[in-house]
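Breakdown of the fold
Here is how the chains run, residue by residue.
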Amino acid sequence: MFLPLVLPLLALAASDNFTLPIAGVTPRGCDIDVRVQGKPGPKGDVLFFPGFADCKDNHDPLFQAWERKGFRVISFNYPEHGKEPKCKGLVFDTLRMKHIKTIAKQVEASVRNRTPSSGPLTLAGWSTGGLIAAKAEQEEWFSDRKPQAMVLFAPAVSVDLNPFKNREVSVE
């Protein structure tokens with residue numbers, strides 16, 4: 001009878017949730033809710049961008065599947081998403097790609113500094129998050145750790161769907 005309540009609690013116990021202060025997004029700063037699922041390993045990290053009206057905690061089965069395959073999953077809520085407002089003066093409707101870029105770079109660097117990863121970076125996104133992941137690759141947001149793959153779920157793309165066209169890509 002209590003099994004459905006126990007399983008989600010056990011799943012969340014394997015993830016690390018923390019709040020990261022982000023500079024450069026608003027004059028007063030911004031606190032972003034971050035989730036890290038799994039441990040660093042040779043398969044690397046998946047940086048997951050949720051959709052427009054989404055939340056990092058809506059994707060437990062997906063994150064757990066990636067973790068079982070040996071990936072560490074990093075995700076975060078956009079400003080004004082999740083349980084409470086944490087970025088005074090910045091609502092998602094006025095959020096710009098430059099803000100998401102600033103947040104994503106600081107989140108990825110913070111997680112890597114806490115627990116370094118020797119593996120590659122994969123960008124992933126759901127809906128609008130897919131658009132953001134594609135944009136991040138095209139604009140080389142992570143030039144110090146070039147993404148090796150992208151996984152896009154129902155992407156809201158209006159950009160070139162082949163961001164790797166100018167790079168040699170091997171398929172295994």
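An account of the accompanying structure is given in this report. (Residues numbered from 1 in each chain as written. Predicted model: local features only at pLDDT ≥ 70, side-chain atom pairs only at ≥ 80, totals over all residues. Heavy atoms only, no water.)

Quick look at the packing of aromatic side chains
Using the criterion set out here, one finds eight aromatic pairs in the structure. Taking 5.1 Å as the distance between ring centres and 75 degrees as the angle between the ring planes, the aromatic pair formed by Phe48 and Phe63 counts as edge-to-face. One end of the pair, Phe48, is in strand E3 (residues 45-49); the other, Phe63, is in helix H2 (residues 60-68), and 15 residues separate them in sequence. The pair Phe48 / Phe63 is uniform in exposure class, with both members buried. For the ring pair Trp66 and Phe153, a centre distance of 6.3 Å and an interplane angle of 50 degrees mean the geometry is tilted. Note that Trp66 is positioned in helix H2 and Phe153 in strand E6 (residues 147-153), a separation of 87 residues in sequence. Classification of Phe153 by relative accessible area gives partly exposed; the value is 25%. In textbook terms, an aromatic cluster arises when at least three aromatic residues are bridged by ring pairs, as seen for Phe48, Phe63, Trp66, Trp126 and Phe153. (Phe/Tyr/Trp six-rings, centres within 6.5 Å; stacked < 30°, edge-to-face > 60°. Helix = DSSP H or I, 4+ residues; strand = E, 2+ residues; numbered from the N terminus. Buried < 20%, exposed > 50% of the residue type's maximum accessible area, 1.4 Å probe, protein only.)

A few points about the pattern of salt bridges
This model, assessed by the stated rule, comprises ten salt bridges. Its salt-bridge partner being Arg145, residue Glu108 comes within 2.7 Å of it at the nearest N-O pair. Residue Glu108 is located in helix H3 (residues 97-114), and its partner Arg145 is located in the loop between helix H4 (128-138) and E6; the two are separated by 37 residues in the primary sequence. One exposure class covers both Glu108 and Arg145, and it is buried. As a salt-bridge pair, Glu139 and Lys135 come within 3.3 Å of each other at their nearest N and O atoms. Using a relative accessible area of 39% as the deciding quantity, one classes Glu139 as partly exposed. When salt bridges with common partners are traced through the structure, they connect Asp45, Arg72, Glu108, Arg112, Asp144 and Arg145 into a single cluster. (Salt bridge = Lys/Arg side-chain N within 4 Å of Asp/Glu carboxyl O.)

Focus on the pairing of strand E5 (residues 121-126)
For E5, the tally of buried residues reaches five of six residues, placing the bulk of the element in the interior. In this structure, E3 lies alongside E5, joined through five bridges in parallel fashion. Counted as the bridge partner of Leu47 is Leu123 from E5. Alignment of E5 against E6, held across six bridges, turns out to be parallel. Within E6, the residue paired with Thr122 across the bridge is Ala149. Following the backbone out of E5, through H4 and into the adjacent parallel E6, one traces a crossover that is right-handed. (Pairing = 2+ DSSP bridges. Right-handed = clockwise from strand over helix to strand, strands pointing away.)

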